[in-house]
Amino acid sequence: MVFSSSIFLFAFLPLFLAVYFLMPKRAAKNIVLLAFSLLFYAWGEPVYVWLMILSIAFNWAFGYVISRCRKATSKKLLLILDLALNIAILGFYKYEGFLAHNINRAIGEEFIAELDLALPIGISFFTLQAITYVVDVYRGKVDAQKNPLYLGMYIAMFPQLVAGPIVRYADIEHEIDNRKVTLAGFTQGLRLFCIGLGKKVLLANTAGILADSLLPRSASEIGFIGCFSGVAAYTFQIYFDFSGYSDMAIGLGRIMGFRFAENFRYPFVSGSLTEFWRRWHISLGSWFRDYVYIPLGGSRVGKARWVRNLVIVWGLTGLWHGAAWNFVAWGLYFAAFLLLEKLFLGRWLKRVPVLGHVYVLLAALFSFVLFDAASVPAALGTAGGLLGLGGLPLWDSGALYYLRSYAPVLALAAVGSTPLPAALCRRIAAGRAGRVLDALEPAALLALLAVCTAFLVSGSANPFLYFRF
């Protein structure tokens, strides 16, 4: 089940909200949220709901025991055991096939069976959240949650279960028992949800149709313009797919009284890739910074160790996104650029901001070639098409037809990926037309919901790219 589905919009969500708001006490609301979150997960992964319950149980137990332990060495040993268990479960389900395939290929025989396991939905996200909780208990940043059902609510919470944002326990610790639902918060959450749904259904899905029409074909078939259009469409698809889902998750949390942190902040207006990663999937970047990069020593070490730390973090970031070499290459691709920016490129980019923006857009386009490719050689073929190598024709008539058909969507996506629409709304709201805008907003949101529903009911393409993670 995904947010952009009829079963969620018109069955699951209304039923959940009705039951949730009928509960008079916060404790009952928490249990309702846990129950519906497990139902949400079981709907898509009935076989693996036990894995979610197991994760809740052992992370609660480790957190509770660590908080009661007085010996530093014992606490550290318990933390290592918990981390090992979390990583082992994630590694088995997500990386067993990848590791087995590469080991067998290296030794030339089937030494390890490739189990071809189905990936439990959201396992990368809820595993990082569980690790965050136990590590912060160990560090003394949060108190251990005494009630296992409340910790279960945090780990399994359906708004951010499938695709984030990664919510730290420290950020909602107080809200578990003390959050307040207000009319202003409810309307703000509903607005965010509808806008996120529009991003996903109208922009991401439509851009995805163009990408799927062009990228599976070879560069020689579609020409330079076809390659560029397909990669641009995929870039917009993954941005609006993920940022739209994040907006919906944050909006649902706001409706219930939780304040989840922003996950995307217009990354394509960045002047460097360092800035880009402060704006793209913010919760993941900050997680790797605080729980991997800084514990390794961060940048407060010698240059050789600092380079090592950066390569480790970005190699893991790539591997987190998928069990394939193209994802590892994708992570190391960014590691190389970030190293160059830290050493000298960043200073040059600040002197010529326009050049910095162009550099970010081109670097992002090529990065998503790697991200989407079936293999590294396939990525190199598409990248060659973007560079016009190999005597590639300028265009193909079929690709040109697709581009003309979807040009308005690409233009709308380009504008929508900048702060301009939000800035315009704020300016109107601050002026004399603000009251008119306030009066029209409910009708506009209803119209947006109706249009999205029409797209969903018509059977339009509705993929969700981040299910793979």
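Presented here is a report on the structure given in the accompanying data block. Bear in mind that the values here come from a model prediction, so they are computed numbers and not experimental data. (Residues numbered from 1 in each chain as written. Predicted model: local features only at pLDDT ≥ 70, side-chain atom pairs only at ≥ 80, totals over all residues. Heavy atoms only, no water.)

Side note on the overall build of the protein chain
Next up, step 1: Across its full length, the protein chain carries 19 helices and 0 strands.
Next up, step 2: The C-alpha atoms of the protein chain give 23 Å as radius of gyration, which agrees with the globular expectation for 469 residues (23 Å, within 12%).
Next up, step 3: Of all 469 residues assigned to the protein chain, the portion counted as buried reaches 50%.
Next up, step 4: A separation of at least 24 residues holds for 74% of the contacts in the protein chain among residues at least 6 apart in sequence.
Next up, step 5: About 21800 Å² of surface is accessible on the protein chain, with carbon and sulfur atoms providing 68% of the total.
Next up, step 6: Within the protein chain, one finds 40 positive and 25 negative side-chain charges whose respective centroids are separated by 12 Å. (Helix = DSSP H or I, 4+ residues; strand = E, 2+ residues; numbered from the N terminus. Rg over C-alpha atoms; globule rule 2.2 N^0.38 Å. Buried < 20%, exposed > 50% of the residue type's maximum accessible area, 1.4 Å probe, protein only. Contact = heavy atoms within 4.5 Å. Areas by Shrake-Rupley, 256 points an atom, 1.4 Å probe, with all protein chains shown as cover. Lys, Arg positive; Asp, Glu negative; His and termini not counted. Charge placed at Lys NZ, Arg CZ, Asp CG, Glu CD.)

A short note on the packing of helix α6 (residues 148-156) against helix α8 (residues 169-178)
Packed helix pairs are characterised by how far apart their axes lie and by the angle those axes make with each other.
Next up, step 1: Contact geometry for α6 and α8: axes closest at 11 Å, N-to-C directions at 130°. On the basis of their axis angle, the class for α6 and α8 is oblique. With respect to the hand of their crossing, α6 and α8 are arranged in right-handed fashion. Here Tyr150, Leu151, Met153 and Tyr154 of α6 lie close against α8, whose contacting residues are Tyr169, Ile172, Ile176 and Asp177.
Next up, step 2: Within the contact of α6 with α8, the residues separate by chemical class into 7 nonpolar, no polar and 1 charged. (Axes fitted to C-alpha atoms, helices over the stretch in contact; angles between N-to-C directions. Parallel < 35°, antiparallel > 145°, perpendicular 65-115°, else oblique. Left-handed = near helix turned anticlockwise from the far one by under 90°. Nonpolar A, V, L, I, M, F, W, Y, C, P; charged D, E, K, R; others polar.)

Description of the environment of Trp43
Next up, step 1: With respect to the helices and strands, Trp43 occurs in helix α2 (residues 26-44).
Next up, step 2: Separated by 42 residues in sequence, Trp43 and Met1 have C-alpha atoms that sit 6.5 Å apart.
Next up, step 3: In this structure, Trp43 is in contact with Met1 and Ile7, ignoring residues within four places of it in sequence.

Brief notes about helix α12 (residues 282-293)
An α-helix turns once every 3.6 residues. As a result, residues three or four positions apart point the same way.
Next up, step 1: In terms of burial, α12 is a largely internal element, 10 of the 12 residues being buried.
Next up, step 2: On the buried face of α12, the contacting elements are α5 (123-139), α11 (273-279) and α13 (303-321).

Digging into the environment of Asp290
Next up, step 1: Here Asp290 is to be found in helix α12.
Next up, step 2: Residues within four places of Asp290 in sequence aside, it is in contact with Arg139, Arg168 and Pro295.

Quick word on a nonpolar patch on the surface
Next up, step 1: Taken together, the side chains of Leu99, Ile103, Ile107 and Phe111 define a hydrophobic patch exposed on the protein surface, amounting to about 390 Å² of accessible area.
Next up, step 2: With respect to the helices, strands and loops of the structure, Ile107 is situated in helix α4 (residues 72-107). (Patch = residues over 30% accessible without salt bridge, like charges linked within 9 Å, V, L, I, M, F, W, Y side chains within 5 Å. Salt bridge = Lys/Arg side-chain N within 4 Å of Asp/Glu carboxyl O.)

A closer look at α4
Next up, step 1: With 36 residues, α4 should cover 52 Å at 1.5 Å per step; its first-to-last C-alpha distance of 42 Å lies more than 12% under that length.
Next up, step 2: The sharpest bend along α4 measures roughly 70° and falls at Tyr95.
Next up, step 3: Count one or two residues on from α4 and you reach Gly108, which has phi positive near 80°. (Expected span 1.5 Å × (residues − 1). Bend = angle between axes of the 7 residues up to and from the residue.)

Let's talk about unusual backbone geometry
Next up, step 1: Phi at Tyr266 takes a positive value of approximately 50°, unusual for a residue other than glycine.
Next up, step 2: Within the secondary structure, Tyr266 sits in the loop between α10 (219-256) and α11.
Next up, step 3: On the basis of relative accessibility, which here comes to 26%, the residue Tyr266 falls in the partly exposed class.
Next up, step 4: The backbone of His281 shows a phi angle near 45°, a positive value even though the residue is not glycine.
Next up, step 5: Tracing the backbone through its elements, the reader meets His281 in the loop between α11 and α12.

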